[in-house]
Amino acid sequence: MTLDLLALALLVGLLSGFVKGVIGFAMPMIFISGLSNFLSPELALAGLIVPTLITNGLQALRQGGRAAWASLVHFKLFLVVGGAFLVLSAQLVSVIPVHYLYLAIGVSVAAFSGLQLTGWRPNTTKRSPKTDVVVGTIAGFSGGMSGIWGPPTVLYLNAINTPKQEQLRVQGIVFGLGAVLLMAAHLQSGVLSKETLPFSALLVLPAVAGMWLGFQVQGRIDQNTFRNLTSCVLLIAGLNLIRRALLG
């Protein structure tokens, strides 16, 4: 890798960390969208794994271990189902064309987040075991295939009107456990190897720095602003996934 490409990769890491610090997600989406513009899809996927693991751990534990444990127990069904499908689908990376998955996720995310920006909210705002299973399945499958499991999770948390701090903590736990499984799965699939692991570890530094900057902004915004920012980022991410599916 040339120095100019490495500098671009570090800049992508800084930006992804900043956005994650503000709204608590979107790091894998920004990493994949940014790195895959000048690196191979496999190296882009490998690059996001270690920074995603570290930053989600920091986010999950920001209010302390007791609060993190309570959220983990509260969403245990979602986590178990999502984790199982993440591990299974990671083995299909070289079999199923990923652009089909990009298109499906992109259309659903862009449509739902666009509706939320107009002021629309779902009539049902209560969780149920059935919804946990459905959303966990979708999030886990897309995570294993593409490294992107955030949109279904965040849409779900938005739909059930989760308070800002709890949503950020739950996202950190969900994405952190997913990152552990993603790392294990892609150590087995070969995407994360002795050649790609140092690159992924290097990207931790700009990601954590960007996240710290994002935390400074996050503390100054209210629930409505947080929700609108979340929907805006989801809309952009959804449209970008559609673009990648259609144009490559």
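Our structure is the block above this text.
Fair warning: this is a prediction, and the values are worked out from it, not measured in the lab. (Residues numbered from 1 in each chain as written. Predicted model: local features only at pLDDT ≥ 70, side-chain atom pairs only at ≥ 80, totals over all residues. Heavy atoms only, no water.)

A. How the structure looks around the overall build of the protein chain. A count of helical and extended segments in the protein chain gives 12 helices and zero strands. Radius of gyration (C-alpha) of the protein chain: 17 Å, near the 18 Å computed for a compact globule of 248 residues. Dimensions of the protein chain along its principal axes, counting C-alpha atoms only, are 50 × 40 × 35 Å. Across the 248 residues of the protein chain, 51% fall into the buried class. Side chains of the protein chain give 15 positive and 6 negative charges; the mean places of these two sets differ by 12 Å. (Helix = DSSP H or I, 4+ residues; strand = E, 2+ residues; numbered from the N terminus. Rg over C-alpha atoms; globule rule 2.2 N^0.38 Å. Buried < 20%, exposed > 50% of the residue type's maximum accessible area, 1.4 Å probe, protein only. Lys, Arg positive; Asp, Glu negative; His and termini not counted. Charge placed at Lys NZ, Arg CZ, Asp CG, Glu CD.)

B. How the structure looks around empty space enclosed by the protein. Within this structure, the stated rule accounts for two cavities of 30 Å³ or more. Here the second largest cavity is characterised by a volume of approximately 50 Å³. As for the second largest cavity, its lining consists of Lys20, Gly21, Gly24, Gln59, Arg62, Gln63, Gln165, Leu168, Arg169, Phe215 and Gln218. Counting residues per element, the ones that place at least two in the lining of the second largest cavity are helix H1 (3-23), helix H9 (164-189) and helix H11 (204-218). No other element matches H9, which puts three residues into the lining of the second largest cavity. A per-class count over the lining of the second largest cavity returns two nonpolar, six polar and three charged. (1 Å grid on protein atoms, 1.4 Å probe; cavity = no way out; pocket = protein on both sides within 12 Å on 5 of 7 lines; lining within 4 Å. Points joined across faces, edges and corners; volume = space filled by probe spheres on them. Nonpolar A, V, L, I, M, F, W, Y, C, P; charged D, E, K, R; others polar.)

C. Fine view of H11. The terminal C-alpha atoms of H11 lie 20 Å apart, and with 15 residues this matches the ideal 21 Å at 1.5 Å per residue to within 8%. For H11, every residue scored as buried is listed here: Val204, Pro206, Ala207, Gly210, Met211, Gly214, Phe215 and Gln218. Where H11 is buried, its residues touch H1, helix H2 (27-35), helix H3 (41-60), H9 and helix H10 (197-202). (Expected span 1.5 Å × (residues − 1). Contact = heavy atoms within 4.5 Å.)

D. The arrangement of the packing of aromatic side chains in detail. Inspection of every chain in the model, using the stated rule, returns one aromatic pair. One residue, Arg62, lies across the ring of Phe215, its end atom 3.9 Å from the ring centre. (Phe/Tyr/Trp six-rings, centres within 6.5 Å; stacked < 30°, edge-to-face > 60°. Lys NZ or Arg CZ within 6 Å of the ring centre and 35° of its normal.)

E. Structural context of a nonpolar patch on the surface. Together, Leu8, Leu11, Leu14, Phe18, Trp212, Leu213 and Val217 give the surface a local cluster of nonpolar side chains, amounting to about 630 Å² of exposed area. Mapped by element, the contributors of at least two residues to the nonpolar patch are H1 and H11. With four residues, H1 is the largest single contributor of residues to the nonpolar patch. Relative accessible area serves as the criterion here: at 34%, Val217 is assigned to the partly exposed category. (Patch = residues over 30% accessible without salt bridge, like charges linked within 9 Å, V, L, I, M, F, W, Y side chains within 5 Å. Areas by Shrake-Rupley, 256 points an atom, 1.4 Å probe, with all protein chains shown as cover. Salt bridge = Lys/Arg side-chain N within 4 Å of Asp/Glu carboxyl O.)

F. Structural detail: the side chain of Ser231. Within the element layout of this structure, Ser231 appears in helix H12 (residues 223-247). Using a relative accessible area of 1% as the deciding quantity, one classes Ser231 as buried. Among residues more than four places away in sequence, those in contact with Ser231 are Ser113, Gln116, Leu117 and Asn158.

G. Focus on the nonpolar core. Counting residues in hydrophobic clusters, the biggest one holds 58 residues, and the most contacted among them are Ile23, Phe25, Ala26, Phe31, Leu35, Leu48 and Phe78. Ranked by residues supplied to this core, first place goes to H3 with eight residues. Residue contacts for Ala26: discarding those within four places in its chain leaves Val19 and Val233. (Core = buried A, V, L, I, M, F, W, Y, C linked by side-chain atoms within 4.5 Å.)

H. Here's a closer look at the environment of Ser200. In this fold, Ser200 is placed in helix H10. With 81 residues separating them in the primary sequence, Ser200 and Gly119 have C-alpha atoms 39 Å apart. Setting aside chain neighbours within four positions, we find Ser200 in contact with Ala46, Gly47, Leu48, Ile49, Val50, Pro51 and Leu192.

I. Region of interest: the environment of Lys164. With respect to the helices and strands, Lys164 occurs in helix H9. Among the residues examined, Lys164 registers a relative accessible area of 11% and is labelled buried. Considering only alpha carbons, one finds Lys164 and Val87, 77 residues apart in sequence, at a separation of 29 Å. If we ignore the near neighbours within four places in the chain, the residues touching Lys164 are Gln218, Ile221, Gln223 and Phe226. A distance of 2.7 Å separates the side chain of Lys164 from the backbone oxygen of Ile221, its partner in a polar contact. (Polar contact = N/O pair within 3.5 Å; in protein donor to acceptor, adjacent residues only side chain to side chain.)

J. Molecular detail of the packing of H1 against H11. Interhelical geometry of H1 versus H11 gives an angle of 30° and a closest axis separation of 6 Å. With respect to H11, the element H1 is oriented roughly parallel. Relative to H11, the crossing made by H1 is right-handed. Residue-level contacts link Leu10, Gly13, Leu14, Gly17, Phe18, Lys20, Gly21 and Val22 of H1 to Pro206, Ala207, Ala209, Gly210, Met211, Leu213, Gly214, Phe215, Val217 and Gln218 of H11. Here the contact of H1 with H11 is built from residues that sort into 11 nonpolar, six polar and one charged. (Axes fitted to C-alpha atoms, helices over the stretch in contact; angles between N-to-C directions. Parallel < 35°, antiparallel > 145°, perpendicular 65-115°, else oblique. Left-handed = near helix turned anticlockwise from the far one by under 90°.)

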